[in-house]
Each structure stands twice: as structure tokens, then as C-alpha cells.
Amino acid sequence: MVVVEQLNRWYTIDKKRHQILKDISFHVKRGDFVLLRGVSGSGKTTLLSILAGLEKPSSGKVLIDGEPIAKLPDIHLSHFRAKKVGIIFQHFNLIDSLSLQDNVLVPLVALKIGLQEAKAMAERALKSANIAHKSEAYPTKLSGGEKQRGAIARAIVADPPLLLCDEPTANLDRANSLLFIDALHKLHQEGKTIIVATHDPIFDAIDFPHTIIDLKDGQIV
Ligand SMILES: Nc1ncnc2c1ncn2[C@@H]1O[C@H](COP(=O)(O)OP(=O)(O)OP(=O)(O)O)[C@@H](O)[C@H]1O
Ligand SMILES: [Mg+2]
């Protein structure tokens, strides 16, 4: 599902090269559950952004479901992302001026799905994320746990095989973090490939099979 080979990412500031990711290589098989761990600044968000096609590598190879995403032109990239990758963020990143249902419809725009079918897909995703009863609500009226369940619905609405989560429990209390992990477990059992960047120790206790990738100063240790 994910092939990363000899990936490097650097920024050049004042002619000086700042290396953020160094010679990263790993594979993730379809259906795997991966914890990407590392202290603040170790490069987790940068790596997830590259896997999502939101950022380009400076060098190296990245294949998502066989597609070399760094080489896709932007016009194909948004379609590819909508079909293949669901993203869940620390700050939920819902659009406050849209109802939850409309937030969940957003990823379907790039897929040019008709409104009737799109609404049915959103309804299914909201039900599956246990938040259908709030579909008319606006994000500012939702609790943190409810927003994150809404973000799950948005991530899965197009049924992408790969889910990327960046510090998804950082703004949740313990009870909601455990509910979130249960929801991920269910999606994992349904066959999704899931990569979670986190330094939340609550993930140390997960009792289903998973792989750990530890990042330190932009390198796998
Ligand atoms: N646009 C940028 N320009 C220059 N440096 C950047 C840029 N984006 C990130 N960095 C640097 O890259 C390093 C890795 O950042 P990244 O956000 O990937 O870390 P992280 O592991 O996600 O940290 P956290 O746990 O705090 O979210 C940091 O030192 C950061 O300052
Ligand atoms: Mg981060």
C-alpha cells in the first residue's frame, strides 16, 4: 500500500540546508496498522504530508497503492487523494461555516459524484462514525469527541483504502481517545491501512496487531 525508498526532505534557508527527513525507507502492507512515533520536531507531520501528497519530497521514491504520488501533476493529485487517502488531523480541521454533513461532502467534490449519491455516502459515513445524529450541526456546536468523529466520517466518506492520522487524540480527553481508538480498530478490521503519527502514550496499550516506526531527528531508529 505504501512504499517509501530513500526519502529525503530538506528546506533551504539562507543558503543553508535544513534536513527534516533523512534516508527514510519503509513499506506498509495493505491492511497494516502503523504507529509513527517520535518526539515533537522529529518529522512525523512532514512524513504524513508527503504520504498524503500535500508536500513533495526533496528526493526519493514514494508509491501509494502503486502510484508515484510525487510525480503526479496537481490536477491528478487531488483526484488521487480523494479516492485513496483519508486524513484525520489533531485540530479536526472541519470548516466552521458548513454543517457536519456538508463538511463530510467536501472530499466528494473532487470525485464529481452527484448530490443524491454523495448525500447517501455522507449519511453512511456519519452513521459508521457514530455521529449521524449531529449531521445538521455546525462544528462550533460540537464537543471535541464529536468533531473528531465528524472528521472520521469525512476521512472515510469516499471509502479510501489508506487513512493517515496526525496526533488525532491530542485534543481529546481519555474517554474520547479510547472511543477514537475503538473506531480506528473497527476500520482496521474492515481492511483499512492505517498510519497514526502520535506521541500519546494511550496508543502504547492497544491490544491488536500493529507495527511501530520510531522517528528521531528525521531518521528511522
Ligand atoms: N515549512 C518549513 N520550513 C522549515 N522547517 C520546517 C517546515 N515545516 C517543518 N519544519 C521543521 O521540520 C521539523 C519537523 O517538523 P514536523 O512538523 O514534521 O515534526 P513533528 O514530528 O510532526 O512534531 P510535532 O510532534 O510537534 O507535531 C521541525 O524542526 C520543523 O521546525
Ligand atoms: Mg506534527
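Preceding this paragraph is the structure being described.
Let me sum up the structure you'll find in this document. All values reported here derive from a predicted model rather than from experimental measurement.

With that settled, the discussion passes to the overall build of the chain. Broken down by element type, the chain carries six helices and ten strands. Here the C-alpha atoms of the chain give a radius of gyration of 17 Å, agreeing with the 17 Å that 2.2 N^0.38 yields for 221 residues. Overall, the chain is about 50 × 40 × 35 Å in size when its C-alpha atoms are taken along their principal axes. Looking at the chain as a whole, 47% of its 221 residues are labelled buried. When contacts within the chain are restricted to residue pairs at least 6 apart in sequence, long-range pairs at least 24 apart make up 71% of them. Summed over its atoms, the accessible surface of the chain is roughly 11100 Å², and 51% of this surface lies on carbon and sulfur atoms. Here the chain contributes 28 positive and 25 negative side-chain charges, whose respective centroids are spaced 4 Å apart.

Taken together, Tyr11, Ile20, Val39, Ser40, Gly41, Ser42, Gly43, Lys44, Thr45, Thr46, Glu167 and His199 make up all the residues around ligand 1. Contacts to ligand 1 include Thr45, whose side-chain N or O atom sits 2.8 Å from an oxygen atom. A distance of 2.6 Å separates an oxygen atom of ligand 1 from a polar side-chain atom of Thr46. Calculation on ligand 1 without its partners gives an accessible area of 640 Å², and the protein chains cover 60% of this total. Of all the elements, helix α1 (residues 44-51) adds the most residues to the shell around ligand 1, at three residues. Here the shell around ligand 1 is composed, by residue class, of three nonpolar, seven polar and two charged.

As a further point, take the packing of aromatic side chains. Within the structure shown, the criterion is met by one aromatic pair. A ring pair is formed by Phe33 and Phe208, whose centres lie 4.9 Å apart and whose planes are at 90 degrees; its orientation type is edge-to-face. Here Phe208 lies in the loop between β8 (193-197) and β9 (211-216) and Phe33 lies in strand β3 (residues 33-37), a separation of 175 residues in the sequence. Here Phe33 falls in the buried class, since its relative accessible area comes to 1%. Take Phe208: its relative accessible area is 6%, and that puts it in the buried class. In this structure, Arg9 is placed above the aromatic ring of Tyr11, and the distance from its NZ or CZ to the ring centre is 4.5 Å. Sitting over the ring of Trp10, Arg17 keeps its end group 3.7 Å from the ring centre.

As for its position among the elements, Asp166 is in strand β7 (residues 162-166). Although Asp166 is buried, it forms no salt bridge, and the closest oppositely charged side chain is Lys44 at an N-O distance of 6.6 Å. In this view, Asp166 contacts Thr45, Leu48, Ile88, Phe89, Gln90 and Ala197; residues no more than four positions away in its chain are not counted.

Core analysis: the biggest nonpolar cluster contains 38 residues, and Phe33, Leu108, Leu184, Ile194, Val196 and Phe203 have the highest contact counts within it. Residue assignment for this core shows that the elements contributing at least two residues are β3, α3 (100-109), α4 (115-128), α5 (144-156), β7, α6 (174-189) and β8. Here this core gets five residues from one element, more than from any other, and that element is α4. When residues no more than four places from it in sequence are discounted, the contact partners of Leu108 are Ile113, Ala118, Met121, Val157 and Ala158. Counting residues in each nonpolar core, the second largest holds 29 residues, with Val2, Val4, Leu21 and Val28 among its members.

Taken in spatial order, the four strands make up an open sheet running β2-β1-β4-β5, and their pairing is antiparallel. Unpaired on one side and paired on the other, β2 (16-28) and β5 (67-68) mark the two borders of the sheet. The sheet contact formed by strand β4 (residues 59-64) and β5 spans two bridges and is antiparallel. Of the residues in β5, the one forming a bridge with Leu63 is Pro68.

Reading the values: rules and limits
- Residues numbered from 1 in each chain as written.
- Chains lettered and ligands numbered in written order.
- Predicted model: local features only at pLDDT ≥ 70, side-chain atom pairs only at ≥ 80, totals over all residues.
- Heavy atoms only, no water.
- Helix = DSSP H or I, 4+ residues; strand = E, 2+ residues; numbered from the N terminus.
- Rg over C-alpha atoms; globule rule 2.2 N^0.38 Å.
- Buried < 20%, exposed > 50% of the residue type's maximum accessible area, 1.4 Å probe, protein only.
- Contact = heavy atoms within 4.5 Å.
- Areas by Shrake-Rupley, 256 points an atom, 1.4 Å probe, with all protein chains shown as cover.
- Lys, Arg positive; Asp, Glu negative; His and termini not counted.
- Charge placed at Lys NZ, Arg CZ, Asp CG, Glu CD.
- Near = heavy atom within 4 Å.
- Polar contact = N/O pair within 3.5 Å; in protein donor to acceptor, adjacent residues only side chain to side chain.
- Nonpolar A, V, L, I, M, F, W, Y, C, P; charged D, E, K, R; others polar.
- Phe/Tyr/Trp six-rings, centres within 6.5 Å; stacked < 30°, edge-to-face > 60°.
- Lys NZ or Arg CZ within 6 Å of the ring centre and 35° of its normal.
- Salt bridge = Lys/Arg side-chain N within 4 Å of Asp/Glu carboxyl O.
- Core = buried A, V, L, I, M, F, W, Y, C linked by side-chain atoms within 4.5 Å.
- Pairing = 2+ DSSP bridges.

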